[in-house]
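So the chains spell out like this:
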Amino acid sequence: MNDGKDEEAIAAIDKVLTAFRSDRFTATAQLHLKKALLLERKGDRMGLAEEYRRVFRQQLSNKRLYFESMKEMVPKEMWDEFAVKAFEDIPCCTDSDCGVVCDLIVEEEKYQCLLKILKLNGSSTHRTEYFKRYARYMSEEDQRAYADFVIDDLRLRLRYADSGSYHYIVDEIMLLCSTCEVARNMVIDFVAEIIVKYGNRRALMRELTIKGLKVKD
């Protein structure tokens, strides 16, 4: 790069990136940004946007900054397709990433991308809080898919839960019930299933009763 050998520099960067194999984390961010600088000097705006997209997809990157940079580079007639590609290509999400990306999705009205991002953050203790925040933008089909995703996990946790865990599980069931009408109806069926399967777990039944989820005998 210092010698002005841009093509050789791009080839060298590509070789190193191939060796990394994964772009999930920020280890390759500086390489992509160096390549972006070279492509900008060439006037390759779409190539530049692609490098910003590869940084955007990485965990803990400054997603809003690189998203806005992409939008400046991509022609308006190509932006919708490019934006969806950028959202769908994200391989993992932290809580902070989830909020930023979902906000960007809502701003761009690419609501069909919300389900994947929420699922990527599905191991977070705040997953249902995020669902509640964005459920109103999702189709009923996607609402059902995410509620089912959470219920399946809660169902698995209940198989091995001890009495100390019931409070957290029931709290999430309550929160899920408040997210949208689709989820509320699914929760009603799920609670009925819990009562049939685990009616002999007094601590669990007590938690459900306290929260108003179990009809008293």
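Summarised in this report is the structure supplied together with it. Residue numbering note: each chain is counted from 1, following its sequence as written. In keeping with the predicted nature of the model, local features appear solely for residues at pLDDT of at least 70, side-chain atom pairs appear and are counted solely at 80 or more, and the whole-chain, interface and lining totals rest on all residues. For side-chain calculations, the full set of non-hydrogen atoms in the structure is used, while hydrogens and water are omitted.

Quick notes on the environment of Y134
Short version of the rule: To qualify as a helix, a DSSP run of H or I must reach at least 4 residues; to qualify as a strand, a run of E must reach at least 2; elements of each kind are numbered from the N terminus. Whether two residues are in contact is decided by their heavy atoms, any of which lying within 4.5 Å being enough.
With respect to the helices and strands, Y134 occurs in helix α8 (residues 127-134). Spatially, the C-alpha atoms of Y134 and I151 are 18 Å apart, while their sequence positions differ by 17 residues. Leave out the neighbours within four places in its chain, and Y134 touches G99, C102, D103, V106, L114 and L118.

Description of the packing of helix α2 (residues 29-42) against helix α3 (residues 45-56)
Basically, it comes down to this: Simply put, an axis is a line fit to the C-alpha atoms, just over the touching stretch for a helix, and the angle between two N-to-C directions goes from 0 to 180 degrees. In these notes the angle categories are as follows: under 35 degrees is roughly parallel, over 145 is roughly antiparallel, 65 to 115 is roughly perpendicular, and the rest is oblique. With the far helix as reference, a near helix turned anticlockwise by less than a right angle produces a left-handed crossing, and one turned clockwise produces a right-handed crossing. Residue classes follow a fixed rule: Ala, Val, Leu, Ile, Met, Phe, Trp, Tyr, Cys and Pro count as nonpolar, while Asp, Glu, Lys and Arg count as charged, and any other residue, Gly among them, counts as polar.
Contact geometry of α2 with α3 gives a least axis separation of 8 Å together with a crossing angle of 170 degrees. By the criterion of interaxial angle, the relationship of α2 to α3 is roughly antiparallel. Classified by chirality, the crossing of α3 by α2 is left-handed. Across from A29, H32, L33, K35, A36, L39 and E40 in α2, the residues of α3 making contact are G47, L48, E51, Y52, R54 and V55. In the contact of α2 with α3, the residues fall into 7 nonpolar, 2 polar and 4 charged.

A few points about the nonpolar core
Put simply, the rule is: Throughout, nonpolar core names a set of buried Ala, Val, Leu, Ile, Met, Phe, Trp, Tyr and Cys residues whose side chains join them through atoms within 4.5 Å. A 1.4 Å probe rolled over the protein chains alone gives each residue an accessible area, and that area as a share of the maximum for its type sets the label: buried under 20%, exposed over 50%, partly exposed in between.
One finds F56, F87, L118, F131, I173 and I194 to be the most contacted residues of the largest nonpolar core, which totals 62 residues. A total of 8 residues in this core trace back to one element, the largest contributor, which is helix α11 (residues 181-198). Non-local contacts of F56, meaning those with residues more than four positions away in its chain, are made with S61, K63, Y66, F67, M70, A86, F87, I90 and L104. Ranked by size, the runner-up nonpolar core spans 7 residues in total, among them A9, L17, L31 and L39.

Side note on the environment of V55
Summarising the element assignment, V55 is placed in helix α3. V55 gets classed as buried once you look at its relative accessible area, which sits at 2%. Once the C-alpha coordinates of V55 and T209 are considered, the two residues, 154 residues apart in sequence, prove to be 48 Å apart. Excluding residues that lie within four positions of it along the chain, V55 makes contacts with A29, H32, L33, S61 and Y66.

Topic: helix α12 (residues 202-210)
Given 3.6 residues per turn, any residue in an α-helix points the same way as the ones three and four places further on. Those residues of α12 not exposed but buried are A203, L204, M205, E207 and L208. In this structure, the buried side of α12 is in contact with α9 (140-160), α10 (166-177) and α11. One or two residues past the end of α12 sits G212, with phi positive at roughly 75 degrees.

Quick look at the packing of aromatic side chains
Aromatic ring pairs: the centre-centre distance and the angle between the two ring planes describe each pair. The following threshold applies: Here a pair means two rings of Phe, Tyr or Trp (six-membered ring of Trp) with centres within 6.5 Å. Their orientation is stacked below 30 degrees between planes, edge-to-face above 60, and tilted elsewhere.
Applying the stated criterion across every chain, the model contains 9 aromatic pairs. Relative to Y66, the ring of Y52 lies with its centre 6.0 Å away and its plane at 35 degrees, an arrangement referred to as tilted. Residue Y52 is found in helix α3, and its partner Y66 is found in helix α4 (residues 63-73); the two are separated by 14 residues along the sequence. Classification of Y52 as buried rests on a relative accessible area of 16%. Owing to a relative accessible area of 14%, Y66 belongs among the buried residues under this scheme. Ring geometry for F131 against Y146: centres 4.8 Å apart, planes inclined by 45 degrees, an arrangement best described as tilted. Here Y146 lies in helix α9 and F131 lies in helix α8, a separation of 15 residues in the sequence.

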